[in-house]
Amino acid sequence: MSTTAWRFRGTEEADDAVLRLKQLGGQELIDLRDVAVIRWPLYAAAPQVQEHVTDEGSKAASLAKKFSKAGIDGSMIDSVKGDMTPGSSALVLMSTDSEVDAVAKAFEGHAMELMRSDLSVKQEDQLRAAFGAPSDGGQGPA
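From a predicted model like this one, the values you see are computed outputs, not experimental measurements.

Draft legend 1. Examining the nonpolar core more closely. Ranked by size, the top nonpolar core spans 21 residues in total, and within it L21, L91 and F107 carry the most contacts. For this core, the secondary structure elements donating two or more residues are β1 (2-8), α1 (13-26), β2 (31-40), β4 (88-96) and α4 (100-106). Per element, the largest residue contribution to this core is five residues, and it comes from α1.

Here it is in structure tokens:
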């Protein structure tokens, strides 16, 4: 199971990514365990967090917390919030069993930046390469 956080340029792009990920989940190309969306509208004083934005995430997070204390870590959400700017959004995704190439193809042409992950440096580099992003902090999702 891995957790990644992706930054988007606009406040609605993370919501669009959630819809795309749910479609991919329906095709069994990714197993969504939990998803949080963080938005920072231009008029707001601080970022706003919406946790468990998919039905699957809410149920999985509830079960996971009961049995293994798993779910998106609050410190991950806090660190992502700390790196955001007004007019942007972020997606924090906990997933397993993703078909990285298929997910990358579904997000072609969508500017996203990998902000944080619990992956190794090598795994992050592989993820960035799959999404066509440079390994020094590029654009991509999943």
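Let us keep going from here.
Draft legend 2. Region of the structure containing the packing of aromatic side chains. One pass over the full model with this rule turns up zero aromatic pairs. For R20, the ring lying beneath its charged end belongs to F107, and the centroid distance is 5.3 Å.

Draft legend 3. Structural context of the sheet that holds β4. Here we have five strands laid out as an open sheet, ordered β3-β2-β4-β1-β5, and antiparallel in their pairing. Looking at strand neighbours, the two that pair on one side only are β3 (48-51) and β5 (113-117), the edges of this open sheet. With direction set aside, neighbouring strand axes in the sheet form an average angle of 20 degrees. Running over the sheet, helix α3 (residues 74-82) touches β1, β2, β3, β4 and β5 and is turned about 140 degrees from β5. Contacts from helix α5 (residues 121-130) reach β1 and β5, with the element oriented near 160 degrees to β5.

Draft legend 4. Geometry of unusual backbone geometry. Phi angles above zero are rare outside glycine, and E28 is one such case at about 60 degrees. Among the structural elements, E28 can be located in the loop between α1 and β2.

Draft legend 5. View of the pattern of salt bridges. For the coordinates displayed, the defined rule picks out five salt bridges. Of the charged contacts in the structure, one is a salt bridge between R7 and E113, with a shortest N-O distance of 3.1 Å. In this pair, R7 sits in strand β1 while E113 sits in strand β5, placing the two residues 106 residues apart along the sequence. Taking the relative accessible area as the measure of exposure, E113 reaches 26% and is therefore partly exposed.

Draft legend 6. Quick peek at α5. Among the residues of α5, E124, L127 and R128 are the ones counted as buried. Along the axis of α5, the buried residues cluster in a sector spanning 95 degrees; they form a single face. Turned more than 90 degrees off the buried face of α5, the exposed positions are K122 and A129. Check the buried side of α5 and you find it contacts β1, α4 and β5.

The rules we used
Residues numbered from 1 in each chain as written. Predicted model: local features only at pLDDT ≥ 70, side-chain atom pairs only at ≥ 80, totals over all residues. Heavy atoms only, no water. Core = buried A, V, L, I, M, F, W, Y, C linked by side-chain atoms within 4.5 Å. Buried < 20%, exposed > 50% of the residue type's maximum accessible area, 1.4 Å probe, protein only. Helix = DSSP H or I, 4+ residues; strand = E, 2+ residues; numbered from the N terminus. Phe/Tyr/Trp six-rings, centres within 6.5 Å; stacked < 30°, edge-to-face > 60°. Lys NZ or Arg CZ within 6 Å of the ring centre and 35° of its normal. Pairing = 2+ DSSP bridges. Axes fitted to C-alpha atoms, helices over the stretch in contact; angles between N-to-C directions. Contact = heavy atoms within 4.5 Å. Salt bridge = Lys/Arg side-chain N within 4 Å of Asp/Glu carboxyl O. Arc of directions from axis to C-beta.

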